[in-house]
Number of protein chains: 4
Amino acid sequence: MASTFGTLFRISTFGESHGPAIGVIVDGCPPRIPLTVEDLQAELDRRKPGQSKIVTPRKEPDSASILSGVVDGQTLGTPIAVVVQNTDQRPSAYKEMEAAYRPSHADYTYDAKYGVRAISGGGRASARETIGRVAAGAIAKKVIRAAIPAYQCVAFVKSVQHISAAETICQNPDPDVIESNIVRTCDPAAAEKMIQLIEKVRSEGDSVGGVIECVVRGVPPGLGEPVFDKLEADLAKAMLSLPATKGFELGSGFSGTLLTGREHNDEFYMDGDKVRTRTNRSGGIQGGISNGETIIFRVAFKPTATILQEQKTVSAAGTDTTLAARGRHDPCVLPRAVPIVEAMVHLVIVDHFLRQRAQIMDNVA
Amino acid sequence: MASTFGTLFRISTFGESHGPAIGVIVDGCPPRIPLTVEDLQAELDRRKPGQSKIVTPRKEPDSASILSGVVDGQTLGTPIAVVVQNTDQRPSAYKEMEAAYRPSHADYTYDAKYGVRAISGGGRASARETIGRVAAGAIAKKVIRAAIPAYQCVAFVKSVQHISAAETICQNPDPDVIESNIVRTCDPAAAEKMIQLIEKVRSEGDSVGGVIECVVRGVPPGLGEPVFDKLEADLAKAMLSLPATKGFELGSGFSGTLLTGREHNDEFYMDGDKVRTRTNRSGGIQGGISNGETIIFRVAFKPTATILQEQKTVSAAGTDTTLAARGRHDPCVLPRAVPIVEAMVHLVIVDHFLRQRAQIMDNVA
Amino acid sequence: MASTFGTLFRISTFGESHGPAIGVIVDGCPPRIPLTVEDLQAELDRRKPGQSKIVTPRKEPDSASILSGVVDGQTLGTPIAVVVQNTDQRPSAYKEMEAAYRPSHADYTYDAKYGVRAISGGGRASARETIGRVAAGAIAKKVIRAAIPAYQCVAFVKSVQHISAAETICQNPDPDVIESNIVRTCDPAAAEKMIQLIEKVRSEGDSVGGVIECVVRGVPPGLGEPVFDKLEADLAKAMLSLPATKGFELGSGFSGTLLTGREHNDEFYMDGDKVRTRTNRSGGIQGGISNGETIIFRVAFKPTATILQEQKTVSAAGTDTTLAARGRHDPCVLPRAVPIVEAMVHLVIVDHFLRQRAQIMDNVA
Amino acid sequence: MASTFGTLFRISTFGESHGPAIGVIVDGCPPRIPLTVEDLQAELDRRKPGQSKIVTPRKEPDSASILSGVVDGQTLGTPIAVVVQNTDQRPSAYKEMEAAYRPSHADYTYDAKYGVRAISGGGRASARETIGRVAAGAIAKKVIRAAIPAYQCVAFVKSVQHISAAETICQNPDPDVIESNIVRTCDPAAAEKMIQLIEKVRSEGDSVGGVIECVVRGVPPGLGEPVFDKLEADLAKAMLSLPATKGFELGSGFSGTLLTGREHNDEFYMDGDKVRTRTNRSGGIQGGISNGETIIFRVAFKPTATILQEQKTVSAAGTDTTLAARGRHDPCVLPRAVPIVEAMVHLVIVDHFLRQRAQIMDNVA
C-alpha cells in the first residue's frame, strides 16, 4: 500500500532507480478520455534529467510506453500501465554507498525498515520514482480537462534559498514565463539570480533548496471531504510524499497565525449568482472543501542531500567513516520538481472530482 | 470514506455537533491491551469546553461510553465503539446561520457539496468531531505504550499570534509545565502573555491563532512507508485534517530552505551500537521512514473564524448581508487543540507500527 | 478492517452479543435521501428474535436509534450511526461455554486468533452482528430506490433440509406470499412441511439448514467491475460473510457444469432497443458486470451449530469434555436470514451503483 | 480498484489480451524472501496455452520479466512489477466480434459499462488477465512457505461435465498424479474419460465445464477476520472473480444443508496439545477463522462460452444476427484453471497471514 495513492483514481508506482524499469498503473481512469503517449511525454520531458545546465547532467530519455488501458487514442476504463526503461546507469558511482550511509538520505532508514535495499542509484528512494507520478498526473489532467476545460494548475519556483520571486508577479504567474527560464520561476529577474546561485553552490560541491508555490484555478466548489480526506489534507499528504519536502502551507499558511480573526476572515459577496470571497486567505478551501476560489499553497524543499563535499557518517557495518558523493546530482531539485508538484495536484483533484460525482445523485428529488 | 482514517488501526468518526451523539469506531485494535473508559476520559477532559477562562464557556461533560470491543478491562481485537452524548445545545445561538454563511467557515462549502447541512452548531464541520479522534488516540496510545514503554508524544503551544515560547525551552518541553498553564505552552513566562492576549481579543469580539509544536520520542527506526505513505506525509495529512490548520512543517521546515545542503545535512555517528545523527534537521524522518531520532513538527492554526464583530457575508439565498456571531466560542483554539494534535500522532504512529509488524517476518532467514 | 464492507457506500459494524449495544456506521451515503428510523425498524423487525414459533424465543425489541447523519428526515451525506441496545441477556445460559468450546462454532478459533473472547452470548461471533448489516441495508435500499424506482430484491427460503419449494413457484416469487408464512418461503404448501420439520428437529434438540434463493430485478446493465470486484464476486463475499453459510452459486451454478456450452450460453436478442437474453443461465451477470437481466443466486446455510443434545468437545484448558447447550436458539436460521441476505444485496448493489456513477463522465464527448 | 486485490499483500493486474503486455504489481511483499523469475515461470507454464492437446493451441511463451522489487534473488519489500509480453495475436480472428456480441461473454456488458472496449482477443475480459494473478500467486507462495514450510495447496479437476474423479481418491489427492495427466485430475482412470470427452466436444465445436476442488494444508489456526473478511468470504470472492466461475462451496457446502446439526457438527478432541476436529464438514474454517484443519472447497466452472457452432445474437448496432466463433479456444478451461485457483488461494492466505501478524502483539503481557 506504500506505493498506492488515490481512492477512485488510484495509482500504483513501481521501480528502483537502477532496476530494469520504472512505471505506474492507473486504475479507475474513466473511459473514453482522449489519451496518447505524447500527453505523458510532454510532462515527463519537463522533469527529465539533463534538460539544462542547472540540473543533473545524467542523460535519460525517460521515454514512456503505454502497455494497457488505451486503444485508438482513447482510454478504455481499464488499468493504464506506463513503463519507462532505465538506461543511463552508472552503478560504479554508487560504490561508496555500499559502505557508507549518505547523510540525510534514506539509506539507513531503508536498512532499518527492510534489512535489505537496492543500493545502486538510491533504489526505490530515488526521485526517479516520481516518473510514475508525472505520467499518471498527465492522465489525470486529461480527465479533469475533459470535464472542466477551465481547469489550470500552475506551479513555479517562488524562492531558491534567499532569492525570491517578486510577490506581485507571484500573484498572477504566467505559465509561459515560467517555462521560458530553466529555473521555472515566474519572475525573469529573479530567475537570473537563482541560476547564478545554483551554479555557484554546484561549483562548491554544495546544494540549495527553496519554495515552490502552486495556484490552481477552475476547481468547482464542493470538492473535498469534510473530515479526514479534506482537500488540503490530501494536498498536504501529496506534497509531503515527495522527496526532499519539509513543509506545506495553504493560503495564509504560517503567516496567517499573525493575524486576528477579523483580519484573516474572507468575507463573502455575491458576484452575479456566484458566491465569492473578496480575499483568499483560505487558499480556496474551507472546511476541507473547495469554495471555487483559486487554490494556493506552498511547499518547502530542503537542499539536496547529496553533496560532493566530504561528510562524516557511518558504515552499514556500524563504524564511523566519511563520504564524499560522486556522480551526477541536482544541486537544486526545484526546477525539476515543478511538474511533479503539478502532477500530484492533478491526482488529488481528479480523485476528489470522481468522488464528488459518485456522491451527488442528480436525479434524486 | 471521508470519515475513516488509518490502514490497520482504522478509525471512523461520526456525529453532528447538535445531533444526539458524537463518537468513533476503532477497528483493528490488537487484542489483550488493557483499556478502561478512564483512559479515554483523561484525554477527553483535556479537550473539553469550559475547562478554563480562555476557552469557550460551553459546559459539555463529554463523558465517553464504550459500547463494544472491551471486556474485563481488556481489548478483544474487535471494533471498539465509543459514544459521547451531546448535551449543551443552544440551537437558538445558530439561528443567524440559517440565513447567512459565516465567513471562513464551512457553511457555504457544505451547501455547495451536499445541497443540505445540519445548521445548528456547525453540524459535522464542528470541532466536536475531534472528540472521536481524541478517544481513538487514547486507545492508540495504550497500544503503542504496551509495545514501546518509552514512547512519548508531547505537543504544546509554541506561539499565539506574535507571542512565542522561548526557543531554548521548546527544545526540551516539560509535559508537567505544559499542563500547568491553561494555554498549554512550555514556557510559563510566555503563558502569561498569551493568556492576556487571548483575553484581550476575546473582549474585542475578535480571535487569534498560533503554532503548535510536537515532539515525539521513542519511535523506533523503520516506521513509515517509502513512497506515498511516508511517515511525514501521513502526519501532514493528519494535521491538515484538523479544523483551522493552515500549515505543517517537519524538522527544519520552511526555514530549512535557507540553508545549504552542507549546513542542513544531519551527519551520522555511532552511539554504541546505535546509528544516531548529531543534528536533527530531518525531524526524525528520512525518506519517509523514522530514523530513531525525535520526531519534531509544527502546525499552523488560523485565528478562530467565529468572531462576535459584525462581518459582511451572503445569505444561502444569494443576497449580500451581514453577520455577527452570538454564542460561546473559543477566542483561540490552540489550548484545546494540543491533545487533539497528540491524538492524531498516536493514530499515525500506531498504524505504521502495526504495518511494520506485518511486514517484517522475523522467522525468515 | 475486519468489520468494514464496501468501497464508496461503506459500512462498519460493531458490538458483542451481550455488550451494551450493537450497531453500524454508514459512510458515503449520498445526501438528501429521505430516511427515517422507521425505514430501518421495518427491516430489523423481520430479523428480530421471537417473531414466530420456529425461531428463538428470545425477546429483543432491537429498537434502532439514529445518532447522526440525518436531519429532518433527510440524509446529510455525513456518516449515519445506528445503535441498538442489547437487552435480553442471560449470561448464565453461557456458563458452559467458558469451560467448553461449542462444536462448529467460533469459540475455539476466536481464542486461536485473539487469545481472548467475549464468551457470553457468543460475543462478536453472534449473529446479532447482522443487526448492523440489516440497518445499513435498509439505508442502501432507500438510496437505490431513489435512483432506480423499479429496483426489487426478493429473497426466500428455497429448501429446508430435504423439503423444497416448487421450482415453478420459485421462478416468480411473490413477496407477499413469502412474508405471509413464518418460514419465509414462496410456496405455501412447502411452508407447512418446512414448519413441521423445524418443529420436529427442535423437539429433538437438533437443528436443520437449507438454501435461500434471491432474485434481484431492476439492476441496470453496467454495474460491477471487470476483474476482482466482479458483481458476483462481491455478492459471493457478501453471502459467505454471513454466519452459517457454506456455499454460493449464481444462475446455473453447480448444475451448470453438466451442460455443454451450446446448452448453457444465453443467446442475445433485441427487445425493442434493449439487448436481452432469451435464457438466464448467467444469472444476470456476465464478465462481472450486470447485463440487465434478473440477478439470481442461491446460498447454502448449514444446520444451526448450537444444539441441545450432548456433544463431545474440548475445554479451553485442553481437556476432552462434553457439552449440551442450554438457552434459546434458532433450530433453523433461514427464516430470519432472509432479510439479512437482502440487506447484503442492497449493500453490494448500492456500492457498485455509486462506483459506476463516479466512472462514467456523461459530459465527455 | 477493480483491478486490485488484497489488503496488505496487494496485487494490481493490468493488460488487455491483444495489447502490448499483461502484468501485475505486487505491493506489500515482505523483504528478504528468496525469489527468482523461475519461481514465477514454473507456475505460468502450468497455465499457458498450447501445453497439451485438450487446451487452446495458441502458442504464447508467456515469459515473465521482473521489472522491480527484487535484487540478487531477494525481495526488497518494495513493489514487484512483473510483465509478460503478448505475442501470438491474430486480431483477424476477432473481426466478427466487432459486429456481434458473443453470447455469455462480456462484450455486451463492457459496452454497457464503458461505452468502449478493446475488441481484439476479448480485451480486458480475456482470461489472459489471470497471468498476473498466477505470477503474484507464485510470489505469495514463496512468502507463505518461508514462514510455514508445511503449507501446501493442491487444486485438481474433480469433474468434467458428468465425469467425476473417485471420491476416495479426491480425499487425498496426489500432486504428482495431478500433474501427470493433462486434465489435471487426481484420478488417472477418470482422466482418460475426461480427455476423451473434451476431445469429443471440441470436435463438435462445443465445450464443457466442471468442478475444481482445492485442499489447503498447513494453514495455522487463527487466520481470517471474524465479520466481513472471513477467510471463506475472501476465498469465495477470489474464486468468483475468476472467469467462467458460477459457484463456490466450503466443506460440506450445498450438500451440508441435507444434514441435521447433530450430523453436521465437527466434534473437537485433543490430539496431544492440539485442538482437532474428528470430522471436517466445516472445511477448515469456523466463524471465518481457520481452525488448523485442512481447508477444502469446490468451484464450479461453466462450459467455455466461446464455441464454434453458430449461435443467435445481436450486433453492437442493435440488430439480430448470428455468430460462429473462429480462432483457437479452450474447449474446457479447467486444466489451465487449476494453477489459477491455487494462485488465488496463495493470495488470500498470505494476506490473512500478514494481517494476523500485524494484530498479535507477542510482546504484550
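What you see is a predicted model; the values in this text were computed from it and never measured.

Reading guide: rules and limits
Residues numbered from 1 in each chain as written. Chains lettered and ligands numbered in written order. Predicted model: local features only at pLDDT ≥ 70, side-chain atom pairs only at ≥ 80, totals over all residues. Helix = DSSP H or I, 4+ residues; strand = E, 2+ residues; numbered from the N terminus. Rg over C-alpha atoms; globule rule 2.2 N^0.38 Å. Contact = placed C-beta atoms within 7 Å. Core = buried A, V, L, I, M, F, W, Y, C linked by C-beta atoms within 7 Å. Buried ≥ 20, exposed ≤ 12 C-beta atoms within 10 Å, placed from the backbone. Nonpolar A, V, L, I, M, F, W, Y, C, P; charged D, E, K, R; others polar. Pairing = 2+ DSSP bridges. Least-squares fit on C-alpha atoms with pLDDT ≥ 70 in both. Axes fitted to C-alpha atoms, helices over the stretch in contact; angles between N-to-C directions. Expected span 1.5 Å × (residues − 1). Arc of directions from axis to C-beta. Parallel < 35°, antiparallel > 145°, perpendicular 65-115°, else oblique. Left-handed = near helix turned anticlockwise from the far one by under 90°.

J.: Looking at this model, I keep getting lost on the overall build of chain A. Mind explaining?
T.: Tallying secondary structure elements over chain A gives 10 helices and 18 strands in all. For a compact globule of 365 residues, the expected C-alpha radius of gyration is about 21 Å, and chain A comes in at 21 Å, within 12% of that figure. Along the first, second and third principal axes, the C-alpha set of chain A runs to 70 × 50 × 40 Å. In chain A, 71% of the contacts between residues at least 6 apart in sequence involve partners at least 24 apart.

J.: Quick question: what am I supposed to make of the nonpolar core here?
T.: Counting 476 residues, the largest nonpolar core has I212 of chain A, I212 of chain B, I212 of chain C together with I212 of chain D as its most contacted members. Once residues within four sequence positions are removed from consideration, I212 of chain A is found in contact with A155, F156, V157, K158, R298, V299, F301, L334, A337, V338 and V341 of chain A.

J.: What should I look at first to understand the interface of chain A and chain B in this one?
T.: Across the boundary between the two partners, chain A contributes 90 residues, which contact 91 residues of chain B. Ranked by residue count, the leading element in the side of chain A that touches chain B is helix α8 (residues 231-240) of chain A, at six residues. Taken together, the residues that form the side of chain A that touches chain B break down as 36 nonpolar, 35 polar and 19 charged. Relative to strand β11 (residues 245-250) of chain B, strand β11 (residues 245-250) of chain A runs antiparallel, the two sharing three bridges. When the sheet's bridge partners are listed, G247 of chain A is paired in β11 of chain B with E249 of chain B.

J.: Looking at this structure, I do not really get the relation of the copies chain C and chain B. What am I missing?
T.: The relation between the two chain copies is a rotation about an axis coupled with a shift along that axis. Of the transformation superimposing chain C on chain B, the axial component is 0.0 Å and the angular component is 180 degrees, with the fit at an RMSD of 0.0 Å. The transformation just described matches what one would write down for a two-fold rotation axis. A symmetric contact is evident, with 100% of the interface residues of chain C recurring at the interface of chain B.

J.: Teacher, can you tell me more about the sheet that holds strand β8 (residues 152-160) of chain C here?
T.: The strands making up a sheet are joined through hydrogen bonds of the backbone, oriented either antiparallel or parallel. In space, the 10 strands of this open sheet follow the order β9(C)-β8(C)-β10(C)-β16(C)-β11(C)-β11(D)-β16(D)-β10(D)-β8(D)-β9(D), with antiparallel pairing throughout. Looking at the sheet topology across the chains shown, the edges are occupied by β9 (163-164) of chain C together with β9 (163-164) of chain D. Helix α10 (residues 334-359) of chain D rests against β8 (152-160), β10 (210-217) and β16 (295-301) of chain D of the sheet, and its axis sits at about 145 degrees to β8 of chain D.

J.: Teacher, can you tell me more about helix α7 (residues 188-203) of chain C here?
T.: One turn of an α-helix holds 3.6 residues; hence residues three or four places apart share an orientation. All names here are of chain C. End to end, α7 covers 23 Å across 16 residues, agreeing with the expected 22 Å (1.5 Å per residue, within 8%). What α7 keeps buried is the set A190, A191, M194, I195, L197, I198, V201 and R202. Projected down its long axis, α7 shows its buried positions confined to an angular sector of 165 degrees, all on one face. Residues of α7 that are exposed and angled more than 90 degrees away from the buried face: A189, K200 and S203. Summarising the contacts, the buried residues of α7 are in contact with β8 and β9. Just past α7, the residue G205 takes up positive phi, approximately 70 degrees.

J.: Any chance you could explain the relation of the copies chain A and chain B here in plain terms?
T.: For the match of chain A to chain B, the screw axis carries a shift of 0.0 Å, the RMSD comes to 0.0 Å, and the turn is 180 degrees. When the interface residues of chain A are mapped onto chain B, 100% of them again lie at the interface, so the same face is used by both copies.

J.: What is the right way to look at the sheet that holds strand β7 (residues 80-85) of chain B in this model?
T.: All names here are of chain B. The five strands are arranged β1-β2-β3-β7-β4 in an open sheet whose pairing can be described as antiparallel. The two strands at the open ends of the sheet, each matched to only one other strand, are β1 (4-5) and β4 (64-66). Sheet topology note: the β4/β7 ladder contains three bridges and is antiparallel. Along β7, the bridge assignment pairs I66 with V82. Sitting on the sheet, helix α1 (residues 37-47) is in contact with β4 and β7, with an inclination near 155 degrees to β4. On the sheet, helix α4 (residues 130-147) packs against β2 (10-14), β3 (21-27), β4 and β7 and is oriented at approximately 35 degrees with respect to β3.

J.: How should the interface of chain C and chain B be read in this particular structure?
T.: A common way to express how large an interface is: the accessible area buried when the components associate. Contacts between the two partners involve 34 residues from chain C, matched on the other side by 34 residues from chain B. For the side of chain C that touches chain B, the elements supplying multiple residues, two or more each, are β2 (10-14) and β3 (21-27) of chain C. Sorting elements by how many residues they give to the side of chain C that touches chain B places β3 of chain C first, with four residues. Residues belonging to the side of chain C that touches chain B are distributed by class as follows: 15 nonpolar, 13 polar and six charged.

J.: What is the right way to read the pairing of strand β2 (residues 10-14) of chain D from this model?
T.: The two faces of the sheet receive side chains in turn, since in a regular strand these alternate between them. Residue and element names in this part refer to chain D. Across the five residues of β2, five count as buried, placing the element largely inside the fold. Sheet topology note: the strand β1 (residues 4-5)/β2 ladder contains two bridges and is antiparallel. By the bridge assignment, F5 is partnered in β2 with I11. If you look at the hairpin formed by β1 and β2, you'll find four residues sitting between the two strands, and G6 has a positive phi there, around 105 degrees. In this structure, the hairpin formed by β2 and strand β3 (residues 21-27) is closed by a connection of six residues, where G15 is found at a positive phi of approximately 115 degrees.

J.: Sorry, what's going on with the environment of Q74 of chain A here?
T.: Following the sequence through the fold, Q74 of chain A ends up in strand β6 (residues 74-75). A sequence separation of 62 residues divides Q74 of chain A from S12 of chain A, and the C-alpha atoms of the two residues are 21 Å apart. Beyond its immediate sequence surroundings of up to four residues, Q74 of chain A is in contact with R32, I33, P34 and L35 of chain A together with V116 of chain D.

J.: Would you mind going over the packing of α4 of chain B against helix α10 (residues 334-359) of chain B with me for this structure?
T.: The angle between the axes and the distance between the axes are what describe a pair of packed helices. All names here are of chain B. Two elements in contact, α4 and α10, have axes separated by 7 Å at closest approach and are oriented at 50 degrees. Here α4 lies oblique to α10, going by the angle between them. Like other packed secondary-structure pairs, α4 and α10 cross with a definite hand, here left-handed. Packed against α4, whose contacting residues are T130, R133, V134, A136, G137, A140, K141, V143, I144 and A147, the element α10 presents P339, I340, E342, A343, M344, H346, L347, I349, V350 and F353 at the interface.

J.: I'm lost on unusual backbone geometry in this one. Help?
T.: Excluding glycine, residues mostly have negative phi values, and the peptide bonds linking residues are mostly trans. All names here are of chain A. Positioned with a positive phi, Q161 is a non-glycine residue whose angle comes to about 45 degrees. You will see that R184, though not glycine, has its phi angle at about 60 degrees, which is positive. By the secondary structure assignment, R184 is in the loop between α6 (175-180) and α7 (188-203).

J.: It is not clear to me how the environment of G253 of chain C should be interpreted in this structure. Could you clarify?
T.: Within the secondary structure layout, G253 of chain C lies in the loop between β11 (245-250) and α9 (261-264). A C-alpha to C-alpha distance of 8.2 Å links G253 of chain C and R281 of chain C, two positions 28 residues apart in sequence. Apart from residues lying up to four places away in sequence, G253 of chain C is in contact with R298 of chain C together with K246, G247 and A300 of chain D.

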